[in-house]
Amino acid sequence: MSTASEFRAVSLTPEDVNKLCALARLEIGPDEVADLSAKLSDIVRLVDELQAQDTDGVEPMAHPLERPQRLRPDAVSETDARDLYQANAPRVEQGLYLVPKVIE
Amino acid sequence: MHDKTLTELSEGLAAKQFSARELTEHYLARIEQLDADLNAFVTVTAEQALAQADVADARRAGGDATPLTGIPIAHKDIFCTTGVRTSCGSRMLDNFVSPYSATVVARLEDAGAVMLGKTNMDEFAMGSSNETSYYGPVRNPWNLECVPGGSSGGSAAAVAAGLCSGATGTDTGGSIRQPAALTGLTGLKPTYGRASRYGMIAFASSLDQAGTLTRSASDAAHLMQAMAGFDAHDSTSLDDAVPDYLAELDSPWEQLRIGVPENFFDEGLDAENAAAVRESLDVFERLGATIKPLQLAHVHLSVPVYYVVAPAEASSNLSRYDGVRFGHRADDVDDLIDLYQRTRAEGFGAEVKRRILTGTYVLSAGYFDAYYLQAQKVRQLIAGDFHRAFAEVDLVAGPTTPTPAFRIGQKVDDPIQMYLNDIYTIGANLAGLPAMSIPCGFVDGLPVGLQLIAPHLMEGRLLKAAHRFQRETDWHRRVPERYA
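Small disclaimer: the values here were computed from a predicted structure and weren't measured. (Residues numbered from 1 in each chain as written. Chains lettered and ligands numbered in written order. Predicted model: local features only at pLDDT ≥ 70, side-chain atom pairs only at ≥ 80, totals over all residues.)

(A) Main features of the overall build of chain B. Secondary structure summary: chain B contains 16 helices and 11 strands in total. By the compact-globule yardstick of 23 Å for 484 residues, chain B fits well, its C-alpha radius of gyration being 21 Å. With respect to the principal axes defined by its C-alpha atoms, chain B has extents near 65 × 55 × 45 Å. For chain B, with 484 residues in total, the buried portion stands at 63%. Across chain B, the fraction of contacts at a sequence separation of at least 24, relative to all contacts at a separation of at least 6, is 76%. (Helix = DSSP H or I, 4+ residues; strand = E, 2+ residues; numbered from the N terminus. Rg over C-alpha atoms; globule rule 2.2 N^0.38 Å. Buried ≥ 20, exposed ≤ 12 C-beta atoms within 10 Å, placed from the backbone. Contact = placed C-beta atoms within 7 Å.)

Right, dumping it as structure tokens:
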């Protein structure tokens, strides 16, 4: 990927797209890469318009109504509903979610 | 009965002109008969609807009714519904049966509303045409060759075709207002935090808000009255008191000052669409409002800000779809990484993938400050423009969309053209402001909308202005001939 100082006329190469797909855990077919790099480049060029705006001294928005995040008491509010939730799970056994072997 | 507004149906139920069961059977029959072309519903819950209707009739007979008791509505399939599939328009959740209901759904159910089913939508609410749905495009009841807008396109088409009396929607960048404009409906996106986001499948959490698609402002007031309010389950829910929206509709009319952003009427806006909007402002002027031109200096940056903030939040929110706990899971995988990658490749459609990858890009190491932080700073500037405007005017008004409905397939392969549909609506989301679209005319037989934007928590002012406009005009009473 280009560096942060080289925003103008940025375009994403097929290598960039493959790297992003790996980061986002998305498998991508070889036939999809060219179209995706063209479209993502268009999107990045669209958002690059932001770089020209002077934002010195501007606080980034944290909440549109400037309200603080509310905290709740650290108290138990839900009871166990494992069977209900696991009814949607693709594979479970004895209350555990099954995944492919992760330790060789 | 389907030509009546929700408000009129409520009066009819109260006057015992028909029962909730008769009304529900009527809408279910229309869905059965007419939805094959429209594709507005993903799931129809006929049995549950009739059971709810019987409960509503009993409640009415027992004198325990709210105005919504027995009113048949539909929910966008982004809202979780206990025991009913909640797909979010995605293959990823095609098999997901929610173990709980969204607060918005629960509140409408408590009020006695009858759920007819779940409406089609752009996948994960990412789209402006309803063409990104796993369940296929929704068609516009005004012209079946055209899109109904999106992402709440199924809700919009269902209400416009008289398949339900009103529907819920969500609006992250215009997803209620844009389809409302394109189908001749009244669409309300409330203040950020006014309605709970609990159980509403997350797209961009700092922008998402639940609202309504209805035939009139009065109908919207009825639904919002039940939907709005504090919810401890949503950490961004506002705990401000909910006003009596219905009482506000007909409260004495003040001299409204309406600001019109001149930069909303640039070369991107269709000339006839612009003319319809200008004429609707004349209606407000005849009602005694003062129309004042204004400039929103940074609003042209709304689309770039949105396409950093929304994909960034989406890439984070959608990381939960991994094939382990719920939803789609790929078969015959090699290892855990392969499970994630193939599950997500199979479960998500093209537009959702683009947004995830855009979000991954703008959040990646070395890019965060230049994209996400810069976008949140420009977002502050855009919000500041609105706050300054509201020091001088009571409402901001302009077009909802640049053009009337476009043809199915016309923009689907050009994301940038699709994104520009939301150029006028995104600002209200970025600033967390309540906004509406109301029907204000037709261009080539297709409806167009007037957008009204109000200061934070001023939904009552919006609804009242829209209601007054709808007493002077009949654009909102027009129905497509095929569905009359």
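(B) Layout of the interface of chain A and chain B. The partner chain B presents 55 residues to the 41 residues of chain A that form the contact. For the side of chain A that touches chain B, the elements supplying multiple residues, two or more each, are α1 (14–23), α2 (33–47) and α3 (82–86) of chain A. Broken down by element, the residue count for the side of chain A that touches chain B peaks at seven residues, all from α2 of chain A. For the side of chain A that touches chain B, a count of residues per class yields 28 nonpolar, five polar and eight charged. (Nonpolar A, V, L, I, M, F, W, Y, C, P; charged D, E, K, R; others polar.)

(C) How the structure looks around the nonpolar core. All names here are of chain B. In terms of nonpolar packing, the biggest core is built from 155 residues, with I73, V114, L116, A158, V305, V308 and L452 touching the most fellow members. Sort the elements by how many residues they give to this core and helix α10 (residues 302–317) lands first, with nine residues. The contact partners of L116, leaving out residues within four places of it in the chain, are Y27, L28, I31, V44, T45, A49, P72, I73, A74 and C164. (Core = buried A, V, L, I, M, F, W, Y, C linked by C-beta atoms within 7 Å.)

(D) Representation of the packing of α2 of chain A against α10 of chain B. One way to put it is that α2 of chain A packs onto α10 of chain B with a least axis distance of 8 Å and a crossing angle of 125°. Regarding the angle of α2 of chain A to α10 of chain B, the classification is oblique. Helix-helix and strand crossings are classified by hand; for α2 of chain A and α10 of chain B the assignment is left-handed. The segment α2 of chain A lies against α10 of chain B, with I43, L46 and V47 of chain A engaging V303, P304, Y307 and V308 of chain B. Residues belonging to the contact of α2 of chain A with α10 of chain B are distributed by class as follows: seven nonpolar, no polar and no charged. (Axes fitted to C-alpha atoms, helices over the stretch in contact; angles between N-to-C directions. Parallel < 35°, antiparallel > 145°, perpendicular 65-115°, else oblique. Left-handed = near helix turned anticlockwise from the far one by under 90°.)

(E) Structural context of unusual backbone geometry. Here G150 of chain B and S151 of chain B are connected by a cis peptide whose omega angle stands at 10°. Non-glycine residue R25 of chain A carries a positive phi angle of around 55°. Considering the arrangement of structural elements, one finds R25 of chain A in the loop between α1 and α2. Its 20 C-beta neighbours within 10 Å are what place R25 of chain A among the buried residues.

(F) Looking closely at the packing of α2 of chain A against helix α12 (residues 350–363) of chain B. For the pair α2 of chain A and α12 of chain B, the least separation of the axes is 11 Å and the interaxial angle reads 55°. With respect to α12 of chain B, the axis of α2 of chain A lies oblique. The handedness of the crossing between α2 of chain A and α12 of chain B is right-handed. Contacts from K39, L40, I43 and V44 of chain A of α2 of chain A reach α12 of chain B at R354, L357, T358 and Y361 of chain B.

(G) Structural view of the pairing of strand β3 (residues 114–119) of chain B. Residues and elements named next belong to chain B. Most of β3 sits inside the fold, with six of its six residues counted as buried. Pairing analysis gives three bridges linking strand β1 (residues 41–44) to β3, with the strands arranged antiparallel. Directly across from T43, in β3, lies its bridge partner K118. As paired elements, strand β2 (residues 72–76) and β3 share five bridges and run parallel to each other. Each residue of the ladder has a partner; that of P72, found in β3, is V114. (Pairing = 2+ DSSP bridges.)

(H) Looking closely at helix α1 (residues 6–14) of chain B. All names here are of chain B. Along α1, the residues classified as buried are L6, T7, L9, S10 and L13. The buried residues of α1 occupy an angular sector of 160° when projected down its axis, which confines them to one face. In this structure, the buried residues of α1 make contact with α2 (20–38), α3 (46–61), β6 (210–214) and α7 (217–227). One or two steps after α1, the chain reaches K16, where phi turns positive at roughly 60°. (Arc of directions from axis to C-beta.)

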